[in-house]
Amino acid sequence: MNIDSIAFSAIVKEFQNFLPGAVLQKIYQPFKESLLLFVYGQHKETGIYLSLEKNNSFISIVRENPNPGIPASGFVMLLRKYIEGGRIEKVSQPPLERLMELEISSRGGGFFLVIELPGRWNNIFLLDSERKILGYLQKPSESGERLLAVNSLYIKPELPESKILPSLEKEDFFALLSSKADSNISAVFSRDFFGLPPLYAREILADAGISGDTLPGILSKTGLENLWNSWNKFWNYINSGNFQPVLYFGENEKPLCFSVFPLKEFSDNASRKFNSISELLASFAELSRHSLTDDLKTQLGKLLKQLLKKENARLTAQKNELEKASRYEDFKKIGDLILTNLHKIKSGEPEVELENFETDPPSIVRATLDPVLSPKENASKYYEKYKKAKRTTDILQQRVKTTEKQKLAFEEILASIEKATEENELEEIQKKLAKMGYLTVKESPKAKSSPSKPEPFARMNEYEIWVGKNNRQNDYITFQIAKPDDLWFHARGTPGAHVLLCRKHPSKPVPDFLIQKTAEITAAHSRSKNSSKVEVSYTLAKNVRKPKGAKPGMVIISEEKTILVKPVITEIAEK
C-alpha cells in the first residue's frame, strides 16, 4: 500500500513544524530505492526516510539507519556534494499532491530537493536555483509530455483535467453531483474529486448513511444535506491537523491499511494507534515489508518442498529400476550354463533346469527358453539381455547420481530459505530458481537489488562468529572474511550454514566452551536443526578449499575434527 494524498499531506505538516532551519548533516542510501537524510534542528538529530518502493512508498521520521546501506549511487554522491551541510529553508507541497519540496541553501548556492510519490513513477530530483535538474534517484518515465532530463527545467506533474480540488462551496458541490445524476456516487467521488482516496470516500458516505452505488439524482434534499455535512466535516478535520493515526490489521495479523483517524469500515478489525503520522507510516512500512518477506518465504518454501518431493519420488523409482537392472550378471550366468549344457537341452523346450556346479553344493537354475530358437540361439539371446541390462545399469547409476546431486541442491536452497530474514536474500534465491528454470520472475531494471552480505552473528572481545544465510554468503564468509587460522564449522552430512569463528590472536587456543557454543549455532543453522544431536565438523579455515568450477557453497575440507552437539542458539558470554 502506497502513501495516499491525505497521509502525505499530514506528514508534510509534521515536517513543516521542525524542518525549516535544520541542517542537513548526512545522506545515506539504505536500499536502492530509498534515501535517508539526517538533519539537526531544534537541538536534536532526526532522520527522514524516503522510500520509493513501487508498492510500499512512504515518508517517515526514523531515529537510526534501518540498514547498513549499499554503496552510494551517483545521485547520492551528487546530493552529498551540493546539499550535505546545507540548511533547509522551506518545506512545501502543492495541495493534496504527493509531492514535497525542500528548499535548501548551501555553500554552493540554493537548491531544491523534490520528492514525488505518485505510486507508479516515484522519484527524487535535485534542482539548482533555476530549477534545472541536476540529477535523480531513478530514471524518470519517458511517457507523457514531461521532459525530465539532466540540465532541463523541472516540470511538475500535471493534474488530470477531469479532476478538481475538493475546496468546494456548498452550491458547487451540489451542482457537481447534479451534473453526474446517472453515475453512482462512488464513481463520482473517485473520478471527479482529486486528492480523495477511496478509503476516505467510503468513510464519508458511511458517515452520511449513503450507499456507494446510490445515484446522486435520486438523493433527497435531506440526503444531499447529510452528504454535504459529512463531506465538510471530513475536510475540516483534515485541515485541522489534529490527527489520530491508526493502523488496521487483517488476517494473520498482517497490516491491512492505515488512516489519519479511526474508520467505521474497520471498527471490528484489530488496530493500533500512534502518536504521529510518521510513527504510523514507519511501522506500517516495516510490517508490510516483513509481511511481503514472509509471504515470499512461504511461497519459495512451498515450491522447494514440491521439488524435493518430486526428486525423492524420482530417486526411489530410479533405484528400483537400478536394482532390477543390476541383476544383469544373472543373464550372463544363464547364457554360460546353456552353452555348458547344450548336449542336455532339446530343441523346442520352453523351459529347462540347469545344474550350476559353481555353487557349493551345486544349485539348480531354472531358465526360460524360446521354443522357436535353438539352445545356442537362446544362449545368445541371454547374452544380449546381459549387454543391454549392463548398459542400462550404467545409465541408471549416472541418473541416480544426478538426482541425488539435484536433491542435495534443493535441500541446500530450502535451508537457505528457512534461514533468510531479509527480502533481498529471498530475492537472490528467487532469481537462482528462475535461472534454474523453476520460476518465472519479471524484473525491471529498477527492481534489481544488491546481493545480501553477511553480518557478524555474535561479537566478543577477542572473537566474532559469522553465519552464512545462503550459498553465496557461505562462500563470502569462507573465502573473503576468513583468515587462515580462524575456525570453520559445518554440520556434517547435511545442508547448512558455513560458520566462522574469527579470532584476533591466532596463537591463543580457542576455549572449549566457545567451540561447543559455535558448534551448537552451526547445528541450529542446518537442515538437522530439529534433531536431538547433530555431528559438526570443524577445522582451520586454511584447510577449506573450493574445487575448480564448483558451485557456490561447495567446498572440500581436510584435517577436520568432529563434535556432537544439540542444535541450540544461546547467548555467548566471555569466560
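Q: Quick question: what am I supposed to make of the overall build of the protein chain here?
A: Counting its regular elements, the protein chain contains 12 helices and 22 strands. At 35 Å, the protein chain has a C-alpha radius of gyration far larger than the 25 Å of a compact globule built from 575 residues. For the protein chain, the C-alpha atoms occupy an extent of roughly 120 × 75 × 50 Å along the three principal directions. Within the protein chain, the proportion of its 575 residues that are buried is 45%. Taking all contacts inside the protein chain whose residues are at least 6 apart in sequence as the whole, residues at least 24 apart take part in 60%. For the protein chain, the computed accessible surface area is about 30,900 Å², with 50% contributed by carbon and sulfur atoms. Distance between charge centres in the protein chain, computed from 83 positive and 74 negative side chains, equals 4 Å.

Q: Is there a simple way to think about the nonpolar core in this case?
A: Taken as a class, soluble globular proteins show a tendency for nonpolar side chains to be buried jointly. Phe189 and Leu227 are the most contacted members of the largest nonpolar core, which totals 86 residues. Examining the composition of this core, we find that 8 residues originate from one element, helix 1 (residues 5-18), more than from any other. Not counting residues up to four positions away in its chain, the partners in contact with Leu227 are Phe173, Leu177, Ile185, Phe189, Ile204, Leu205, Ala208, Ile210 and Leu219. Of all hydrophobic cores here, the second largest spans 23 residues; its members include Met460, Ala491, Ala497 and Ala523.

Q: Could you clarify how one ought to interpret the packing of helix 8 (residues 328-340) against helix 9 (residues 375-419) in this entry?
A: When two helices pack together, their arrangement is given by the angle between their axes and by how far apart the axes lie. Running from amino to carboxyl end, helix 8 crosses helix 9 at an angle of 165°, the nearest separation of the two axes being 8 Å. In terms of their interaxial angle, helix 8 and helix 9 are classed as roughly antiparallel. Considering only the axes of helix 8 and helix 9, their crossing is left-handed. Contacts between helix 8 and helix 9 involve Tyr328, Glu329, Phe331, Lys332, Ile334, Gly335, Asp336, Ile338 and Leu339 on the former and, on the latter, Pro375, Lys376, Asn378, Ala379, Tyr382, Tyr383, Lys385, Tyr386, Ala389, Lys390 and Thr393. Class assignment for the residues of the contact of helix 8 with helix 9 results in 11 nonpolar, 3 polar and 6 charged.

What counts, and at which threshold
- Residues numbered from 1 in each chain as written.
- Predicted model: local features only at pLDDT ≥ 70, side-chain atom pairs only at ≥ 80, totals over all residues.
- Heavy atoms only, no water.
- Helix = DSSP H or I, 4+ residues; strand = E, 2+ residues; numbered from the N terminus.
- Rg over C-alpha atoms; globule rule 2.2 N^0.38 Å.
- Buried < 20%, exposed > 50% of the residue type's maximum accessible area, 1.4 Å probe, protein only.
- Contact = heavy atoms within 4.5 Å.
- Areas by Shrake-Rupley, 256 points an atom, 1.4 Å probe, with all protein chains shown as cover.
- Lys, Arg positive; Asp, Glu negative; His and termini not counted.
- Charge placed at Lys NZ, Arg CZ, Asp CG, Glu CD.
- Core = buried A, V, L, I, M, F, W, Y, C linked by side-chain atoms within 4.5 Å.
- Axes fitted to C-alpha atoms, helices over the stretch in contact; angles between N-to-C directions.
- Parallel < 35°, antiparallel > 145°, perpendicular 65-115°, else oblique.
- Left-handed = near helix turned anticlockwise from the far one by under 90°.
- Nonpolar A, V, L, I, M, F, W, Y, C, P; charged D, E, K, R; others polar.

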